[in-house]
Amino acid sequence: MPAAEGAPPLAYSRILLKLSGEALAGERAFDFDKVKQFADELAEVVNLGVSVGLVIGGGNIVRGSQLAAMGMYRVAADYMGMLGTVINALFLQDVLEKKNIDTRVLTAIRMEELAEPYIRRRALRHLEKGRLLIFAAGTGNPYFSTDTAAALRAIQIKADVMIKATSVDGVYSADPKKFPNAKRYETISYRDVMLEELGVMDQTAVTLCKENSLPLIVLNIHERGAVARAIRGERVGTIVT
Ligand code: UDP
């Protein structure tokens, strides 16, 4: 959808939004009210005229490393995790379509009865047509994370920025839930994130972003309008460059 005439210029025209599976969950794996609120936020973003790719996690359903710690073979557990992200993607698609947002789910593991396979050129075409893309099944490979999938897809679709929507409002020097005196950064470099071993994303994802000069904004998904404000260039959360 083109931006409204006379609207102020946006800081970014194409974004990759990473949403963890837990953002969809409440007491159960799916919290409809929470997701409907998120869909409203996304509708606002799409209406700004921004092209949006979304990578959804699966932590509300299966985390491969946890099953592996309980004795499962890691590869099988990770495939279960990736399938969990597909379940989340279909759920999100349904909610977004009810808000009249045109979406396509693209999977990194083929399952063509229910979604298109990820083909980069096709993804670009969808984005040009103003469709919101939900990238599911992570990278398609065990031993990776959906943060790494998000960094990969962001680079592949030439996103201007990756936005990681989490339950905290930025990057802190330590976990703010455990250490109330932890310092919040307004900006930080990937180098410092790596040196200080800050738990922003796994190292693979951080390296991919750093090597491809892809900026990352970490913000709180529960803060109303935060994603739209970040796209307008307002200072929201932490920016990592
Ligand atoms: N996963 C994987 N390869 C990928 C992406 C994800 O094996 O490229 C698996 C992994 O087991 C992971 C699970 O899918 O634990 C769910 O993804 P993630 O933990 O990244 O979800 P989030 O924490 O963002 O909800």
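Just above, that's the structure.
These remarks concern the structure in this document. (Residues numbered from 1 in each chain as written. Predicted model: local features only at pLDDT ≥ 70, side-chain atom pairs only at ≥ 80, totals over all residues. Heavy atoms only, no water.)

**Considering the overall build of the chain**
Counting its regular elements, the chain contains eight helices and eleven strands. Relative to the globule expectation of 18 Å for 241 residues, the C-alpha radius of gyration of the chain, 17 Å, shows essentially globular dimensions. Projecting the C-alpha coordinates of the chain onto the three principal axes gives extents of approximately 55 × 50 × 35 Å. Evaluated residue by residue, the chain yields a buried proportion of 49% over its 241 residues. Of the contacts made within the chain by residues no fewer than 6 positions apart, 72% connect residues no fewer than 24 positions apart. (Helix = DSSP H or I, 4+ residues; strand = E, 2+ residues; numbered from the N terminus. Rg over C-alpha atoms; globule rule 2.2 N^0.38 Å. Buried < 20%, exposed > 50% of the residue type's maximum accessible area, 1.4 Å probe, protein only. Contact = heavy atoms within 4.5 Å.)

**Looking at the pairing of strand S5 (residues 132-136)**
Across the five residues that make up S5, a large majority, five, are buried. The sheet contact formed by strand S2 (residues 51-56) and S5 spans three bridges and is parallel. Across the sheet, Gly-53 pairs through a bridge with Leu-133, a residue of S5. Relative to S5, strand S3 (residues 103-107) is paired through five bridges, and the arrangement is parallel. Bridging across to S5, Thr-107 finds its partner in Ala-136. (Pairing = 2+ DSSP bridges.)

**What about the pairing of S3?**
Burial runs high along S3: four of the five residues are buried. Direction of pairing for S3 relative to strand S4 (residues 116-117): parallel, over a ladder of two bridges. The partner of Thr-107 across the bridge, within S4, is Pro-117.

**Observations regarding the sheet that holds strand S6 (residues 161-166)**
If you trace the nine strands from one edge of the open sheet to the other, you get S4-S3-S5-S2-S1-S6-S10-S11-S9, paired in mixed fashion. The two strands at the open ends of the sheet, each matched to only one other strand, are S4 and strand S9 (187-188). Taken together, the two bridges between S9 and strand S11 (residues 238-240) define a ladder with parallel strand orientation. Paired with Thr-187 across the two strands is Ile-239, which belongs to S11. Along the sheet, helix H5 (residues 146-156) contacts strand S1 (14-19), S2, S5 and S6; its crossing angle with S1, the most-contacted strand, is approximately 175°. (Axes fitted to C-alpha atoms, helices over the stretch in contact; angles between N-to-C directions.)

**Some details on the pattern of salt bridges**
According to the stated counting rule, one finds 15 salt bridges in the structure shown. Between Arg-224 and Glu-41 there is a salt bridge; the shortest N-O distance is 3.7 Å. Of this pair, Arg-224 sits in the loop between strand S10 (216-220) and helix H8 (226-231) while Glu-41 sits in helix H1 (residues 32-47), placing them 183 residues apart in sequence. One salt bridge in this structure joins Arg-229 and Glu-223, with 3.0 Å as the shortest N-O distance. In this structure Glu-223 comes out as partly exposed when scored by relative accessible area, which is 31%. The network of salt bridges with common partners includes Asp-102, Arg-104, Glu-116, Arg-122 and Arg-131. (Salt bridge = Lys/Arg side-chain N within 4 Å of Asp/Glu carboxyl O.)

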